[in-house]
Amino acid sequence: MQRRIALVDVNNFYVSCERVFRPDLEGKPIVVLSNNDGCVVARSAEVKALGVPMGLPWFQMKELAREHRILAFSSNYTLYGDLSSRVMAVLGQFAPDQEVYSIDESFLDFTRQPHLDLTATGQTIRQRVKQWVGVPVSVGIGSTKTLAKLANHVAKKRADWNGVCDLDTLPGSDIDALLASIEVREVWGVGRKTAMKLAEQGIRSVADLRAANPHRLRERYSVVMERTVRELQGESCIDLEEDAPPRQQIIASRSFGAPVWTEAELAESLRAYMGRAAEKLRRQHGVAGRVGVWLETNRHRLQDAQYHPSATLPLPAPSDDTAVLTKAAMTVLHHLYRDGYRYVKAGVMLLELGERNVEQGQLFADAPSATDPLRTALMATLDRVNARWGKGTLGIGSAGLRQPRRWAMKRGTMTPAYTTNWDDLAIVRA
DNA sequence: TCTGGGGTCCTAGGACCC
DNA sequence: TCTGGGGTCCTAGGACCC
């Protein structure tokens, strides 16, 4: 049976979020910056029109920003996360099956409603999300997830389609012409490297890729590429994942606000990161069997000595205890640390994740067991206090208590937490 | 002199996504 | 001076076993 899948996403998501509570920003050139105000991670249409690419370092475009009065915002993930759940809730009302694919994208499966007019439905979706949440979305429809993604791209490019494109309503000849006009790089799963390799074979447009032999491409690339080609040809190979599968790893890392040199400072930052990673782990009722740490110097500074070590350490027994996990991270750090490098980033990783309740106690382990009731109560308290009073209020050891914290990130221009903090509620004046 | 072969598990690294 | 963070999947290659 022919599937009918829609991919709905929010246009310039972070920028659109900032505009919800600042309507005066409508029509003005805006960017949202990554942590540490490092790179551009979202651009308004006005900024895209100026040719600013995704990921451009902010310091490299300050001149342009002055010239064109571009406004920059530090990213406000609390706000984006909250608006994201609202958008997803509204979208979920339209189709029986929904996969929340990312913070701003959702697949909807309409296969079970074969007679529904999806172009009209797409327009209704756009209106309702705009009215109820305040952000603009685009809708792409096709018979596979890959085609729906492509249709979504098309919906944004063709102003006359008003934000909705259903490939299955187009005559075959129109689709051929359309796909021939789109670069293969736009296909979901084809990145920069793959696009270059494909070009060597003369495959440049989406039409070229669709016409390729999936078997042949599998030999030169991988099963992923084979699936992509089949999906372009209309054969559905990637299913909707309605329930998010449990995470296989948890990462917490940050670039530092200023470079650090000492093991003590690295240790302090890693303790803070592990606090957050362990909290995430407990939220999904998981335990970790292995802990990883990595360090980075600045790869862009060619004059600097480079050192990018990483290592992992298995735990004697799987655990969700911040103290146990932190201790392991400190062991790894001590093993990795070398004097004399200008470190700019570090991170921790929780690996070999398992479910907490199926965890077996280990007979002769001297480490606190993951099911020790006292530790469990302590960790639950830690999570509650931090949820109520803000991240990092309570930590293990000296996680972030010493001043000054050179490694702490810089955020120059963050907007208030309009929707999640009473003190930041927008005030309406009559 | 002549030095197997196949399977499995693990890890590192690459490529991709948002 | 200033260059994000958090994920997934796949492959190649080494270690190890019989």
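In what follows, the structure referred to is the one given above.
Residues numbered from 1 in each chain as written. Chains lettered and ligands numbered in written order. Predicted model: local features only at pLDDT ≥ 70, side-chain atom pairs only at ≥ 80, totals over all residues. Heavy atoms only, no water.

**Student:** Lay out the sheet that holds strand 12 (residues 343–355) in plain terms, naming residues and giving numbers.
**Tutor:** The strand order 9-12-10-11 describes an open sheet built from four strands, whose pairing is antiparallel. Only two strands of the sheet have a single neighbouring strand rather than two, namely strand 9 (250–260) and strand 11 (310–319). Averaged over neighbouring strand pairs, the angle between their axes works out to 15° when direction is ignored. Of the strand pairs in this sheet, strand 10 (residues 286–297) and strand 11 are connected by six bridges, and their pairing is antiparallel. What sits directly across from Val293, in strand 11, is Ala311. The sheet strands contacting helix 13 (residues 322–336) are strand 10, strand 11 and strand 12, and the helix crosses strand 11 at an angle near 155°. (Pairing = 2+ DSSP bridges. Helix = DSSP H or I, 4+ residues; strand = E, 2+ residues; numbered from the N terminus. Axes fitted to C-alpha atoms, helices over the stretch in contact; angles between N-to-C directions. Contact = heavy atoms within 4.5 Å.)

**Student:** Residues and numbers for the packing of helix 1 (residues 13–20) against helix 4 (residues 77–92), please.
**Tutor:** At a minimum axis separation of 10 Å, helix 1 and helix 4 run at an interaxial angle of 90°. One way to sum up the angle between helix 1 and helix 4 is to call them roughly perpendicular. Counting all contacts with helix 1, which are made through Phe13, Tyr14, Cys17, Glu18 and Val20, the residues of helix 4 involved are Tyr77, Leu79, Tyr80, Leu83 and Ser84. Broken down by class, the residue content of the contact of helix 1 with helix 4 amounts to eight nonpolar, one polar and one charged. (Parallel < 35°, antiparallel > 145°, perpendicular 65-115°, else oblique. Nonpolar A, V, L, I, M, F, W, Y, C, P; charged D, E, K, R; others polar.)

**Student:** Explain the packing of aromatic side chains to me, using residue names and the numbers behind them.
**Tutor:** Going through the model one piece at a time under the given rule, you end up with 13 aromatic pairs. Taking the centre distance of 5.6 Å and the plane angle of 85° together, the rings of Tyr101 and Trp188 count as edge-to-face. Note that Tyr101 is positioned in strand 5 (residues 97–102) and Trp188 in the loop between helix 7 (172–180) and helix 8 (192–200), a separation of 87 residues in sequence. On the numbers, 6.2 Å between centres and 90° between planes, the contact of Tyr273 with Trp407 is edge-to-face. Placement of Tyr273 in helix 12 (residues 263–283) and of Trp407 in the segment after helix 14 (373–389) is noted, with a sequence separation of 134 residues between them. Residues Tyr273 and Trp407 agree in their burial class; the two are buried. Aromatic ring contacts, followed pair by pair, group Phe13, Tyr14, Tyr77 and Tyr80 into a single cluster. Positioned over the ring face of Trp132 is Arg128, at 5.3 Å from the centre of the ring. Above the plane of the ring of Tyr221 lies Lys197, whose end atom (NZ or CZ) is 4.7 Å from the centre. (Phe/Tyr/Trp six-rings, centres within 6.5 Å; stacked < 30°, edge-to-face > 60°. Buried < 20%, exposed > 50% of the residue type's maximum accessible area, 1.4 Å probe, protein only. Lys NZ or Arg CZ within 6 Å of the ring centre and 35° of its normal.)

**Student:** I'd like a rundown of the protein's contact with DNA strand B, residues and numbers included.
**Tutor:** DNA strand B sits among 14 residues. The nearest are Ser102, Lys149, Gly189, Gly191 and Thr194. Sugar plus phosphate, as a fraction of atoms of DNA strand B within 4 Å of the protein: 100%. A distance of 3.0 Å is found between a phosphate oxygen of DNA strand B and a backbone nitrogen or oxygen belonging to Gly191. At 2.4 Å from a phosphate oxygen of DNA strand B is found a side-chain nitrogen or oxygen belonging to Thr194. The leading source of residues in the surface near DNA strand B is helix 8, at three residues. Residues of the surface near DNA strand B, tallied by class, amount to four nonpolar, four polar and six charged. (Near = heavy atom within 4 Å. Polar contact = N/O pair within 3.5 Å; in protein donor to acceptor, adjacent residues only side chain to side chain.)

**Student:** Lay out the sheet that holds strand 7 (residues 137–142) in plain terms, naming residues and giving numbers.
**Tutor:** Two orientations exist for strands paired in a sheet by backbone hydrogen bonds: parallel and antiparallel. Read across the sheet, five strands follow the order 5-6-1-7-8 without closing on themselves; strand pairing throughout is mixed. The sheet is open, and its two borders are formed by strand 5 and strand 8 (164–166), each paired with just one other strand. Across the sheet, the mean angle from the axis of one strand to that of its neighbour is 15°, orientation sign disregarded. The pairing of strand 1 (residues 5–10) with strand 7 spans six bridges and is classified as antiparallel. In the sheet register, Leu7 faces strand 7, and the bridge partner there is Gly140. Relative to the sheet, helix 5 (residues 118–132) contacts strand 1, strand 6 (105–109), strand 7 and strand 8, its axis offset from that of strand 7 by approximately 160°.

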